[in-house]
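Spelled out, the chains give:
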Amino acid sequence: MTNVLKEELSKQESSQIRSNIERIISSYRHIWDIYTELLQNSADAIIEQFGEENISQGKIALEISPDERIITIIDNGVGIEESAISKILVTGKSLKRERDAGKFGFMGYGFTFVAFQSEYLQVESIKNRKKASRTYRNLYQFVYSGSDIPNSEEEDSGEQAHDVDEKNGTKITLKFPLKFPEEVVEESLAATFRIAKSDKTIIAVLRTQSIVGILDTVFNAGSCFEFSLTISGRIVPIKTGYLTIREVVKSVLNSELQFYDRLTQYEKFVEGTENLPTNLRDQARKAIVLDETIDDIKIGTINPLHARIFISATSKSHINQYNDQFRNEDGISYDFALEHGLWLSICGMPIGVCLDPFDHSNYLPYTVIVDIKDMSVRKELDAGRKGISAYRMKQIAETVLEILKQRNFIKYRRYIVGGGDSRINNPLYDPKEELTRIFNGKKWFDSVLTQKYFPPIEEQEVISLFVELIAQKILRGYYLKVLSGYQVYDGLYEYRLDQTEEVEYSENNNLGIHKNMVLQ
């Protein structure tokens, strides 16, 4: 039999091929990319087999053995013909693009990235009741050790496709070196399998970074394929569909109190509390989660993109609390964590591309998923799916900013518990409006204090009042040691009340303050 893979690659110089493949491997920066690439290929095969409207007939089984570094993925998709199996390994060779098929992938780099890190690769596929396979050993050595491109075991033995009475489908088995010869790839592979040792981590990864987290379920626009996950021979229960902030916070608080849909619930709530006094109104409007789905948004004017957008607002502390379960064994580091920000999705598939981390205070409480409906945007993605053009990123970010303003998310930010952090660098911040709002909630009291408007609302007002009460000797016994405006503490005081022992130990000492009292 002919070595099809070698034949395809021989059209290029070996040194050029190695260099190209090495660049492709290095361009994939996420430790979950191996999983996402395999899963999107299976999802595309299912859509080609059953049609997008019948995706629920599809089945994907992912099996991971972290200690052995083995991954097996099985689907009941369209299958691959014998003559095409080896071609999917070739750089830039996309059978989906040749057939004008494939919703989620078409660039032809993903399987090259996966295959040429492997020490064992077997692709078994059934198409039109013909079963064929190709098995390769030590493909990684071609790139990293300069060895020749190996024949498949089937090519060496002369084994050919044979008839079977089975439906279409594909099974891919991969084993990766336990110690990869290239340091950066080794660390990436180690982390790839490390996240699979934690059920909670791998579930969160798959539901936020891969097609398992399909966004159609969030927008009530369709269903998903049947998916099963097995880790080290043990079935791990997992839902399909995107892991929403609402679901995350519910798991943290074990409650859905003060969770609101912005359009259908919260706006009515705001209207109903309009006539309450300021303090009561602000307290009543507190929200833990505020979210909204928007189905049809146009981005740009000349060649506009069409998108649907999912906005969630919640305190970053809830996200951090959820992320605690993803800590590594050292109790400090993370291989994966959920983060606020503006995230890109294409045709319902989250791709792990962050367009804006929202790490400045302007948008602190927000997680925004922009799902581009136009498949043409895939052409702007690089091989490693690190991002799209700066022009498109700017367009999307500006559109999202305008939507956050129009849909009152910026206005309601101060009601998000833990999410009301505002700064002067916020382009939407109006200091006059904010000060007027705060001042309207206060009343004037005639007292000996310089602070006459109460109640204190801002933290610095409370600190200032405390310091003045000490200075006026209304609060006695406090002696300032350290005062700070930027440390995690506000101040350190020594407490020493000057009084005689007769007074201190008197039965009439109703305050019960004693010298051995420790104040922190």
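Reading the values: the criteria
- Residues numbered from 1 in each chain as written.
- Predicted model: local features only at pLDDT ≥ 70, side-chain atom pairs only at ≥ 80, totals over all residues.
- Heavy atoms only, no water.
- pLDDT = per-residue confidence, 0-100.
- Contact = heavy atoms within 4.5 Å.
- Salt bridge = Lys/Arg side-chain N within 4 Å of Asp/Glu carboxyl O.
- Helix = DSSP H or I, 4+ residues; strand = E, 2+ residues; numbered from the N terminus.
- Patch = residues over 30% accessible without salt bridge, like charges linked within 9 Å, V, L, I, M, F, W, Y side chains within 5 Å.
- Areas by Shrake-Rupley, 256 points an atom, 1.4 Å probe, with all protein chains shown as cover.
- Axes fitted to C-alpha atoms, helices over the stretch in contact; angles between N-to-C directions.
- Parallel < 35°, antiparallel > 145°, perpendicular 65-115°, else oblique.
- Nonpolar A, V, L, I, M, F, W, Y, C, P; charged D, E, K, R; others polar.
- Phe/Tyr/Trp six-rings, centres within 6.5 Å; stacked < 30°, edge-to-face > 60°.
- Buried < 20%, exposed > 50% of the residue type's maximum accessible area, 1.4 Å probe, protein only.

## Description of the confidence of the model for the chain
Then, in step 1: Overall, the predicted model of the chain reaches an average pLDDT of 85, with 83% of residues at or above 70.
Then, in step 2: Residue range residues 93-97 is modelled with pLDDT below 50. Its contacts to residues more than four positions away, or to other chains, number 20 contacts.
Then, in step 3: This model gives residues 419-427 a pLDDT under 50, and the stretch forms 17 contacts once residues within four places in sequence are excluded.

## Thoughts on the pattern of salt bridges
Then, in step 1: As enumerated under the stated definition, the model contains 25 salt bridges in all.
Then, in step 2: R308 is paired through a salt bridge with D216; the nearest N and O atoms lie 2.3 Å apart. Placement of R308 in strand β11 (residues 305-313) and of D216 in the loop between α10 (199-209) and β7 (226-231) is noted, with a sequence separation of 92 residues between them.
Then, in step 3: Residue E461 pairs with K442 through a salt bridge whose shortest N-O separation is 2.6 Å. Taken as a pair, E461 in helix α17 (residues 459-471) and K442 in the loop between α16 (431-440) and β15 (443-444) lie far apart in primary sequence, 19 residues in all.
Then, in step 4: Connected through shared salt-bridge partners, R262, E267, E292 and R407 make up one network.

## Considerations on a nonpolar patch on the surface
Then, in step 1: On the surface, a cluster of nonpolar side chains totalling about 340 Å² of accessible area is made up of F439, W444 and Y453.
Then, in step 2: Relative to the helices and strands, W444 resides in strand β15.

## So, the packing of helix α11 (residues 245-253) against helix α14 (residues 316-323)
Then, in step 1: At their nearest, the axes of α11 and α14 sit 9 Å apart, and the two run at 70° to each other. Taken together, the axes of α11 and α14 are roughly perpendicular relative to one another. In this structure, α11 uses I245, V248, V249, S251, V252 and L253 to contact α14, whose residues at the interface are H318, I319, Q321 and Y322.
Then, in step 2: Considered class by class, the residues forming the contact of α11 with α14 number seven nonpolar, three polar and no charged.

## Digging into the packing of aromatic side chains
Then, in step 1: For the structure on display, the rule yields 19 aromatic pairs.
Then, in step 2: Ring geometry for Y140 versus F180: centroids 5.4 Å apart, planes at 45°, classification tilted. One end of the pair, Y140, is in helix α7 (residues 140-144); the other, F180, is in the loop between β6 (169-175) and α9 (183-194), with 40 residues separating them in the sequence.
Then, in step 3: A relative accessible area of 11% means that Y140 is categorised as buried.
Then, in step 4: The buried category is assigned to F180, whose relative accessible area is 3%.

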